[in-house]
Amino acid sequence: MRRKLDDAWSIDLTGAWQRERPVAGLTTWRAPGRSLRVGGVVWRCASAADIIASIDLELPADPAGKVGEGGSGGVGARAAWLYRDTGDAHYTLHGYNFTDGEGLETVFVSADTADTAWAFAAWRSVTHAGSPHAGR
């Protein structure tokens, strides 16, 4: 089901997700055994490579994997970092979606290490309202 994250961004989330009240600019969605934290990212005068390098420095070292790819649905580029066994969670996927001048950070958390497909699918389903394909 397509869900609005804010006025411009949306995502496909299947199952029974509950949106919690935003705290400090972050919104959390929860489903049994899973959670999603959403926050905006704004930058000025930086190339995509510079932005991704900056994010790479801010995230924990030694991810299990990194993915970068072109976007769709109003998203120009996507980047993600996967971490396994991060304390309470069995994996965490830090996913970023970028347009010209803004971006969306999504953090997917699950207690099931074999359950990464939903997080990657949800991260790739993010669209921006400026696209004729957004919301599909």
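Residues numbered from 1 in each chain as written. Predicted model: local features only at pLDDT ≥ 70, side-chain atom pairs only at ≥ 80, totals over all residues. Heavy atoms only, no water.

### Let's talk about the pattern of salt bridges
With the rule as written, the count across this model stands at 4 salt bridges. Between D56 and K66 there is a salt bridge; the shortest N-O distance is 2.9 Å. Of this pair, D56 sits in helix α1 (residues 48-58) while K66 is found in strand β6 (residues 65-70), placing the two residues 10 residues apart along the sequence. For D56, a relative accessible area of 29% puts it in the partly exposed group. Across the pair E69 and R124 runs a salt bridge whose closest N-O atoms are separated by 2.8 Å. Here the residue E69 occupies a position in strand β6, and R124 occupies one in helix α2 (residues 117-125), the gap between them amounting to 55 residues. (Salt bridge = Lys/Arg side-chain N within 4 Å of Asp/Glu carboxyl O. Helix = DSSP H or I, 4+ residues; strand = E, 2+ residues; numbered from the N terminus. Buried < 20%, exposed > 50% of the residue type's maximum accessible area, 1.4 Å probe, protein only.)

### A few points about unusual backbone geometry
Despite not being glycine, A24 shows a phi value in the positive range, around 55°. The phi torsion at D62 lies on the positive side, around 60°, for a residue other than glycine. Along the chain, D62 turns up in the loop between α1 and β6.

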